[in-house]
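# Chains, contacts and geometry: an overview
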Amino acid sequence: MDSDQTTTSSPKNRYANAPRKTDWTIDQNWPSYSADEHDRWNRLYARQAERLPGRACDEFLRAKARLELSRSGIPDFADLSRRLTAMTGWSVVPVAGLIPDDAFFEHLANRRFPAGAFIRPEEELDYLEEPDVFHDVFGHVPLLADPVYARFLEAYGKGGHRALERGQLHNLARLYWYTVEFGLIATPSGLRIFGAGIMSSPAETVFSLEDSSPNRIAFDLERVMRTKYIIDDFQQTYFVVDGFERLLGACYQDFGPIYDRLRSAPDLEAHELAPTDRIVTRGDFHYFESKGKAHAA
Ligand code: HBI
Ligand code: FE
């Protein structure tokens, strides 16, 4: 008797084929979440809620409390948006997963954050490629309650159209990656996390601040826009901003001349140092060596 060869794995993303509007938003259908899906959110939440104090920046921890993100299951985006809109005018709109760049920028430019409605499957609890509701809502949404960060992300969205027109989206995507996703911030109590990709990852929460492997370099807009990044492992370099005002200030300038210089400037590999770098900590790359990854000579 042959064993049953077909695996009946539940569809990883049950929203993948949900009907969508022209702006790529879908219906979150909050009542459709199962107790098991809410429980998975609660376990992901509890693990990070215990690990982030002393590691996440204060703006994030304060906003997480004010937005009432908690162990009471996957938030209803309409409910969460009512609280967030009253703070900075941002709302959270449900999408099935990654959406086209121009649609993504259009939402950000209008203070709408597209958040995945699906929650990662049990077997991908620690890491997944596609942004799910825990990465987007727990990782990205709280800082949208900070007025300065909220203006920065809106400006990023507005800049996105320009980058697309110039065919230099990859430069702008690097700015997003090394700040919004994997940014660190300097505070009087030491380095703290603000990037969502770190905030929603228990292992990288510790690695990004405490491991001797990665470089940590002071944020410089043009340097970041020249730097390639890795998408399937911890970062080899983290950039440290002095504060959200400095990050916002860096984006309130005409990127035109910067894009022109970037066209002729060579890209930097994720592990490389540049002569002009203000190095916060120089990495020894032991983690990447142990995995046979390319790293500094
Ligand atoms: N779509 N839903 C979603 N979430 C993202 O973070 C996202 C996206 N589409 C494009 C995109 N990010 C990036 O290519 C831009 O940041 C450049
Ligand atoms: Fe993200």
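Report on the accompanying structure. In this text the structure is predicted, and so the values were computed from the model without any measurement. (Residues numbered from 1 in each chain as written. Chains lettered and ligands numbered in written order. Predicted model: local features only at pLDDT ≥ 70, side-chain atom pairs only at ≥ 80, totals over all residues. Heavy atoms only, no water.)

## Overview of the environment of L80
- Mapped onto the elements of the fold, L80 is located in helix α3 (residues 77-88).
- L80 sits in the buried class, given a relative accessible area of 0%.
- Apart from residues lying up to four places away in sequence, L80 is in contact with L67, L69, P75, V92, V137 and V141. (Helix = DSSP H or I, 4+ residues; strand = E, 2+ residues; numbered from the N terminus. Buried < 20%, exposed > 50% of the residue type's maximum accessible area, 1.4 Å probe, protein only. Contact = heavy atoms within 4.5 Å.)

## Here's the deal with the pairing of strand β6 (residues 237-241)
- Of all five residues that make up β6, five are buried, and the element is covered over most of its length.
- By the alternation rule, side chains of β6 split into T237, F239 and V241 and Y238 and V240, which are all buried.
- For strand β3 (residues 184-187) and β6, the ladder comprises two bridges, and the chain directions are parallel. Of the residues in β6, the one forming a bridge with L184 is V240.
- Pairing analysis gives four bridges linking strand β5 (residues 215-218) to β6, with the strands arranged parallel. Residue I217 lies in a different strand from β6, and its bridge partner there is F239. (Pairing = 2+ DSSP bridges.)

## Some remarks on the sheet that holds strand β4 (residues 190-193)
- Across the sheet, five strands lie side by side as β4-β3-β6-β5-β7; this open sheet has mixed pairing. Since the sheet does not close on itself, it has two edges, and those belong to β4 and β7 (279-281), each with one partner. On average, each strand axis in the sheet is inclined to that of its neighbour by 35°, with strand direction left out of account.
- Two elements, β5 and β7, share two bridges in a ladder whose sense is antiparallel. (Axes fitted to C-alpha atoms, helices over the stretch in contact; angles between N-to-C directions.)

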